[in-house]
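Examination of the molecular architecture
Chain residues, written in single-letter form:
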Amino acid sequence: MKINVLSADVYNKIAAGEVVDRPYSVVKELVENAIDAGATEIAIETEGGGKQLIRITDNGGGIGKDDLPRAFLPHATSKLKNAVDLEHIVTLGFRGEAIASIASVSRMKILSKTENGKAYSLTSDGGEMGEVTEDAGANGTVVTVSDLFFNTPARRKFLKNDAQEDGDIAAMVARFILSRPEIAFTYYVDGRVKYRSFGDGLKAALAAVYGAGILENTLEISAEKHGLTLKGYIGNQNFSKPNRSYASLFVNGRYVVNQTVATAIANAYGAYLMKRQYPFYVLFLDVPSEILDVNVHPNKADVRFADNRMIYGCVYSVVSAVLDGSARALEYTVTESAAPVQTAIPLPKSVEVKPQSQAPKMTYVEARQELEFDLSPAKESGFKPRAIVSEGRNVFEVNAPKEQKEEKDFFAENKKYLESLEKGREKIDVSTLSYKGELFHTYLIYEKGDDAYFIDQHAAHERLIYDRLRAAVEKRNVVSQPMLCPYILSTNAQEYAFLLQSLKLLGELGFDIEEFGGASFKVSAVPADLKNINLDGFFQEVLSSMETLRAIRLSDILKDKLASAACKAAVKGGETLTESEVRALMAQMDGDVGLKCPHGRPVAVKMTKREIEKLFKRIV
Ligand code: ADP
Ligand code: MG
């Protein structure tokens, strides 16, 4: 191997930028180097959220004595010689800047041994290089990075707490395990094994990251079409996740977040996913390198396709065929016209769109369900079966073109509502109201003088529970109700980090929740007012805020999620209340007809006699 220093003109063709800003990006660069070096075994160790220590050990080709100092030079790479090579990038790294930039902001040591050479090591202290010295070690390379950003306090300040950094590193490592099922990875966090894979295939890799249970809930995909292949696993029709952190796409072996593919998948799931649910998938899309531009951004998290529309059509048709066809067919032919690509997908203006007639037929082989469907009640509680829509549905009418439509933001609505509360609210004296009956098992009718009141018993009850709960939270005297059977919540690394920060708050809200090992939590008591709470639903909601509401104060989020949980625990419209229950409800409402339920729907509506008489044209 020979490390070349890129000439300026080649380098200028590569967009410059920061490679390293967080511990996980260091891990990413170093593991990519190990993979590029042909390693079959890679160990990743971190301490203190990666800020104290990151060590990557591989059994790859190693770096020779003379090349060792070159590895530290900016724009020095053994993977690219000239601009022509840029067109055919097959390695993960190619910029030759990772080692140099990491070395400049840490204390780094590279110990390496090639098969035929001796082991040598070289250290760097914030970019100050030492001497190459003979050392001892096995074939391969050990890169140790300590005290990350010790000399750039400003950047150090932007780091998150250890659990969050660990969460992001773990997500990164999980992707490597999934994307390189042939490599054996071991990942240690503060001395404890977090993930271990054995390099024995994708199914095992999936189990290593998500637990063996994942295989029951996923469908295998293996499709190909003129040089394009789509392989991997997708969650079945009844399996969804509360946020996007369970979606992994690898294009030509590289983890990417790509809007075209993500949208195609989201739209294929269209009817199967409820609002604020996201698909689970681990998919590998392989395309000819000529139609792919990986050189979009220095952190290489996105790629550009020469023909977005074709990619969209392929992914959409394969994923929806597997989902819609219950994935039973062993041989299945999907024509391009089956995918309604001609509709609302916004394509970049510059992309050339092929005429429909040229669109090739696609054979999609061996899409079959690995294990039979599991619709047992235990599963159903978390992942409700959704209506299966007929073939002729128009997905694009249901979905916003870019993203799946988000459900209304309760948080924003509540805020608006609370602000509006202060502005002149009408109060009525309950004792002066006379109860006139109920309508549709939902609305209670009251009369007072020339006014009629319709009260939505469901909204009223929600409101009551919500107010009681909020008051109890403020006063910190929430009553907890122990559960007969504790609830276990399993999370991924990012969710784990997010919830870990919320434990104290959840405790204040009346939940008895504690860590339960292996990124899971045990809930053994809930707020007494919410004793019928659907915990699956509640935690789905909380976790769905992970990405969108990070900036907002956590306590507000949780109170808000409690509000919607309150709504679900409240009397459902359609259930009849006894007269004494109605009276109790009204008494608790204290006649406050200006109130709205936590969703912002009105609790009570007033109609005057005049308005009613107008309806009957008694007056004009
Ligand atoms: P790039 O990966 O873009 O080439 P880096 O700065 O990450 O740039 O690495 C510089 C060079 O150091 C690589 O091209 C490679 O030759 C060598 N190198 C780095 N890490 C390893 C490793 N783990 N095993 C073998 N060679 C390595
Ligand atoms: Mg590299």
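To keep things clear, this report deals only with the structure shown in the data block. (Residues numbered from 1 in each chain as written. Chains lettered and ligands numbered in written order. Predicted model: local features only at pLDDT ≥ 70, side-chain atom pairs only at ≥ 80, totals over all residues. Heavy atoms only, no water.)

**Description of the pattern of salt bridges**
Under the criterion given, the structure shown has 12 salt bridges. Among the salt bridges present, the one from K118 reaches E134, with a minimum N-O distance of 3.9 Å. A residue pair is termed long-range when its members are at least 10 positions apart, and K118 in the loop between strand 5 (107-113) and strand 6 (119-125) and E134 in strand 8 (residues 133-135) qualify at 16 residues. Taking the relative accessible area as the measure of exposure, E134 reaches 55% and is therefore exposed. The network of salt bridges with common partners includes R22, E165 and D168. (Salt bridge = Lys/Arg side-chain N within 4 Å of Asp/Glu carboxyl O. Helix = DSSP H or I, 4+ residues; strand = E, 2+ residues; numbered from the N terminus. Buried < 20%, exposed > 50% of the residue type's maximum accessible area, 1.4 Å probe, protein only.)

**A few points about the site of ligand 1**
Among the 21 residues in the neighbourhood of ligand 1, the closest are listed as N33, T77, S78, K79 and G96. At 2.9 Å, a side-chain N or O of D58 approaches a nitrogen atom of ligand 1. Within the backbone of I99, a nitrogen or oxygen atom sits 2.9 Å from an oxygen atom of ligand 1. When ligand 1 sits alone it has 530 Å² of accessible area, and the protein chains cover 97% of it. Elements that contribute at least two residues to the shell around ligand 1 include exactly helix 2 (23-36), strand 4 (76-77) and helix 4 (98-104). A breakdown of the residues in the shell around ligand 1 according to their chemical character gives 10 nonpolar, seven polar and four charged. (Near = heavy atom within 4 Å. Polar contact = N/O pair within 3.5 Å; in protein donor to acceptor, adjacent residues only side chain to side chain. Areas by Shrake-Rupley, 256 points an atom, 1.4 Å probe, with all protein chains shown as cover. Nonpolar A, V, L, I, M, F, W, Y, C, P; charged D, E, K, R; others polar.)

**Focus on the pairing of strand 26 (residues 520-527)**
Across the eight residues of strand 26, seven count as buried, placing the element largely inside the fold. Strand direction decides the pairing type here: strand 24 (residues 480-490) and strand 26, joined by seven bridges, are antiparallel. Within strand 26, the residue paired with Y487 across the bridge is V523. As defined by bridge partners, strand 25 (residues 512-515) adjoins strand 26 across four bridges and the pair is classed as antiparallel. Considered in strand 26, the bridge of I513 is made with V523. Following strand 25, the chain reverses through four residues before pairing antiparallel with strand 26; G517 in that reversal takes a positive phi of roughly 80°. (Pairing = 2+ DSSP bridges.)

**Quick word on the sheet that holds strand 22 (residues 443-448)**
Spatially, the four strands line up as an open sheet ordered 21-22-23-27, and their pairing is antiparallel. The open sheet terminates on both sides in strands that have one partner only, identified here as strand 21 (434-439) and strand 27 (604-608). Averaged over all pairs of adjacent strands, the angle between their axes in this sheet comes to 25°, without regard to strand direction. With six bridges connecting them, strand 22 and strand 23 (residues 451-456) associate as antiparallel partners. Paired with K448 across the bridge in strand 23 is D451. (Axes fitted to C-alpha atoms, helices over the stretch in contact; angles between N-to-C directions.)

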